[in-house]
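Structural description and commentary
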Amino acid sequence: MQSAYIGKLMEIAQRDANVFHILADSGTGYDEMFRRNFPGQIYNFGISEENMVAAAAGMATVGKIPFVFTAGAFLAYRSLEFIRDDICFQDLNVKIIGMGSGLSWSSLGPTHHTTEDVAVLRAIPNLMILSPATPLQAAMSVEAAYAHKGPVYIRIGMNHEKEFYDEKYQMQVGKNDILRDGGDVTLFVTGSILEEADAAAEALLQEGIRVNVVNVHTVKPFDTENVLEMAKQSKMFFSIEEHNINGGLGSLIAETLTDHGIGMKLHRIGLQDVFAAGYGTHKSVRTANGLDAESICNRVSPANKCQ
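Only a predicted model underlies this, so the values are computations on that prediction, with no experimental measurement involved. Once a new chain begins, its residue numbering starts again from 1 and follows that chain's sequence as written. In view of the model being predicted, local features appear only for residues whose pLDDT reaches at least 70, and side-chain atom pairs are presented and counted only at 80 or more, with totals across whole chains, interfaces and linings using the full set of residues. Note: side-chain values were computed over all heavy atoms of the structure, leaving out hydrogens and water.

As for the sheet that holds strand β4 (residues 95-99)
- Paired strands, in this sense, are two strands between which DSSP finds at least two bridges. Numbering goes from the N terminus for both helices and strands, where a helix is a DSSP run of H or I of at least four residues and a strand is a run of E of at least two. One open sheet accounts for 7 strands, arranged β2-β1-β3-β4-β6-β5-β10; its pairing is mixed. Of all strands in the sheet, those with a lone pairing partner are β2 (42-44) and β10 (218-220), marking the two edges. The sheet shows a mean angle of 20° between the axes of neighbouring strands, taken without regard to direction.
- By the bridge criterion, 3 bridges tie strand β5 (residues 128-130) to strand β6 (residues 152-156) in an arrangement that is parallel. Note that in β6 the partner of I129 across the bridge is Y153.
- Contacts: residue pairs with any heavy atoms within 4.5 Å of one another. Where helices are involved, their axes are fitted lines through C-alpha atoms of the stretch in contact, as for all axes, and angles between N-to-C directions lie from 0 to 180°. Contacting β1 (19-23), β3 (65-71), β4, β5 and β6, helix α7 (residues 135-147) runs over the sheet at an angle of about 170° to β6.

See the structure below:
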């Protein structure tokens with residue numbers, strides 16, 4: 001998704017000199033690519049995330065459009081006060097890009113995992129939150145953020161995420177995507193863990209269990225209407241997220257059901273109010289925490305026979 005992000009940002013920077021790429025010493029080759037092409041539209045603040053966010057707020061007050069980019073954990077947690085007070089309270093046109101959603105920084109452990117960012121940030125007024133699942137959605141999220149006048153947070157993966165969409169696809173902010181339908185069980189998924197959820201859905205289909213798969217790429221504003229519509233045709237809901245189950249997608253769905261008086265059974269698949277266990281590849285850490293396709297399939301299947 002990083003390549004998709006920087007490619008789209010360069011495209012936008014080409015047509016708008018007010019767009020800036022703002023870094024905190026992330027040090028990737030993609031950043032250097034941007035620097036070579038747009039040397040006057042990039043600033044590296046070093047390992048000084050709070051200062052970077054505050055400076056981005058100042059830039060926005062004079063008509064610049066800063067895209068603030070670094071590890072999601074260092075934005076959502078370390079820079080929280082600055083995002084809240086300097087950007088969102090002032091309703092400034094700053095875009096915040098959290099690199100490495102969920103367990104993407106798998107080899108570095110919980111200090112680098114971004115598994116509470118939705119819970120922390122969705123409570124802040126004025127902030128749009130996008131959670132793309134694929135490279136194409138990441139690029140479209142950047143375009144949508146640029147078009148939106150106000151604060152936006154985008155959480156992106158960084159581990160060669162699978163593409164589920166073709167060139168005809170158009171992402172609509174605030175409207176979920178239904179990737180599979182025809183079942184009476186619905187899986188709501190957000191972020192790059194979609195690939196695990198889709199593989200689980202395919203395994204379930206081999207068992208004769210057809211499920212609906214809904215990709216929630218916009219966390220805020222949330223697509224309440226889609227949840228209510230799926231409730232009419234479903235017997236059970238599952239939320240699947242590479243995030244703590246408290247405050248994330250599962251909580252959003254539970255709040256929606258409660259607010260509308262719908263007695264739908266909801267199972268929340270995610271980190272069960274714990275920090276993630278294990279170090280290693282992204283796949284191995286997902287597996288260690290029950291967030292791989294087989295584990296998801298077994299949570300959904302009554303027979304628990306997925307392999």
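Some thoughts on the nonpolar core
- Nonpolar cores are built from buried Ala, Val, Leu, Ile, Met, Phe, Trp, Tyr and Cys residues. Side-chain atoms within 4.5 Å join them into one set. The classification of residues rests on relative accessible area computed with a 1.4 Å probe and restricted to protein chains. Under 20% of the type maximum is buried, over 50% is exposed, and intermediate values are partly exposed. Within the largest apolar cluster, 39 residues are counted, with the highest numbers of intra-cluster contacts made by V68, V94, L121, F188, F237 and I253.
- When residues of this core are traced back to their parent elements, those giving at least two are β1, α3 (49-60), α4 (72-76), α5 (80-88), α6 (117-121), α9 (224-233) and α10 (249-259).
- With residues up to four places along the chain from it excluded, the contact list for I253 reads F188, F222, V227, F237, S239 and L266.
- If you look at the next biggest cluster of nonpolar residues, it comprises 38 residues, including F74, M128, Y146 and M171.

Describing the packing of aromatic side chains
- Pairing of aromatic rings covers Phe, Tyr and the six-membered ring of Trp, with a centre-to-centre limit of 6.5 Å; geometry is then stacked below 30 degrees between planes, edge-to-face above 60, and tilted otherwise. Summed over all chains, the structure comprises 5 aromatic pairs.
- Judged by centre distance (4.9 Å) and plane angle (5°), the rings of Y5 and F69 are stacked. With a gap of 64 residues between them, Y5 in helix α1 (residues 2-15) and F69 in strand β3 connect regions that are remote in the sequence. Here the two residues Y5 and F69 agree in accessibility, since each one is buried.
- Here the aromatic rings of F188 and F237 are separated by 4.8 Å at their centres, their planes lie at 75°, and the arrangement is edge-to-face.

Observations regarding the side chain of S192
- Structurally, S192 is set in the loop between β8 (185-190) and α8 (194-206).
- Looking at S192, the relative accessible area reads 4%, which means it is buried.
- Polar contact is the term for a pair of N or O atoms within 3.5 Å; when the atoms are in protein, one must be able to donate a hydrogen and the other to accept it, and sequence-neighboring residues count only if both atoms are side-chain atoms. A polar side-chain atom of S192 sits 3.2 Å from a polar atom in the side chain of R286.
- The residues contacting S192, other than those within four sequence positions of it, are M1, S101, P132, A133, E161, E242, H282 and R286.

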